[in-house]
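If you want the building blocks of each chain, they are given just below.
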Amino acid sequence: MGLIVEERRGAVMVWTLTRPDRLNALPDLEDGEAFAKACEAVNADPSIRCVVMTGAGRAFSAGGDLKAMKARADLFEGSGAAIRERYRRVVHRIVRSLYGLEVPLIAAVNGPAMGLGCDIAGLGDIRIASDRASFGVPFMKLGIIPGDGGSWLLPRNVGYVRAAEMLFTARSIDAETADQWGLVNRVVPHDTLMDEAMITANQIAAQPPQALRMAKSLLRQGRDMNFDQMLELSAAMQALAHLTEDHIEGVTAVLEKRPGEFSGR
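So, here's what we can say about the structure. (Residues numbered from 1 in each chain as written. Predicted model: local features only at pLDDT ≥ 70, side-chain atom pairs only at ≥ 80, totals over all residues. Heavy atoms only, no water.)

**Details of the sheet that holds strand β9 (residues 186-188)**
Piece 1. With mixed pairing, the six strands of this open sheet are ordered in space as β1-β2-β3-β4-β6-β9. Strand pairing shows two members of the sheet lacking a second neighbour, β1 (4-9) and β9, which therefore form its edges. The average undirected angle you get between the axes of adjacent strands in this sheet is 20°.
Piece 2. With three bridges connecting them, strand β3 (residues 50-55) and strand β4 (residues 105-109) associate as parallel partners. Paired with Val 51 across the two strands is Leu 105, which belongs to β4. (Pairing = 2+ DSSP bridges. Helix = DSSP H or I, 4+ residues; strand = E, 2+ residues; numbered from the N terminus. Axes fitted to C-alpha atoms, helices over the stretch in contact; angles between N-to-C directions.)

In structure tokens:
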């Protein structure tokens, strides 16, 4: 069985990280390829409108394998140059693939999300936490730094001062604090986590798929654009959206006071 178990639920793809005996530790050397293939398949399939990602067992992902770190094995074997290259080819491939996912990603955080696991959860467009979830970036405890781009991502999710506190103290935060800090959208009872995630996923999947992908692209690119650049990109995408059949269906449905039925055309 591979790392990512896929389950199709209508227009929603559910990914489950399935390495529960190791608390879904990441990454093994093949994990970059696993995430890249999963994301590429979704991007190429216009019938998929949303992805939900969760973890098997009691953790979302505990992050790096400490035994491999101590043994200087696998990802951590060899010279500094060799380790750097593996980070680029494995760890960075994971986060680049998730960042480049064209449909909305919901992280259904079922338990601890630490290190790379925390940053992967943070790549979700929407993050729903179980009341058993916790979040942390304990790199300082290990004498290392975020090698996965987390020092770019975390301040954008919780603000600089809170990101600094999490990183510099290596303390984890519980689900309630994550909610207060804006790291998650909401906290739900553990037993209802996937039901809650699927309710949101199905609401997303009911939207016109071309406009949905364009809207996500605008949000992502808007982080690094000035306002004038965003206006230009928005005008170009809006022109394309106006020419779709789904746009006419949406307008017609609102006028007729009924839900829209969107085909992706």
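**Examining the sheet that holds strand β7 (residues 134-136)**
Piece 1. On the basis of which strands lie adjacent, the open sheet formed by three strands has the order β5-β7-β8 and mixed pairing. The two strands at the open ends of the sheet, each matched to only one other strand, are β5 (112-114) and β8 (173-174).
Piece 2. Strand direction decides the pairing type here: β7 and β8, joined by two bridges, are antiparallel. Bridging across to β8, Ser 134 finds its partner in Asp 174.

**Topic: helix α10 (residues 227-242)**
Piece 1. For α10, which comprises 16 residues, the first-to-last C-alpha distance of 22 Å matches the rise-based estimate of 22 Å (1.5 Å per residue) to within 8%.
Piece 2. What α10 keeps buried is the set Met 230, Leu 233, Met 237 and Ala 241. Axial view of α10: buried residues confined to an arc of 80°, hence all on one face. Residues Asp 228 and Glu 232 are exposed on α10 and point more than 90 degrees away from its buried face.
Piece 3. Two or three places before Asp 228, at the opening of α10, Asn 226 has a side-chain oxygen 3.2 Å from that residue's backbone nitrogen. (Expected span 1.5 Å × (residues − 1). Buried < 20%, exposed > 50% of the residue type's maximum accessible area, 1.4 Å probe, protein only. Arc of directions from axis to C-beta. Polar contact = N/O pair within 3.5 Å; in protein donor to acceptor, adjacent residues only side chain to side chain.)

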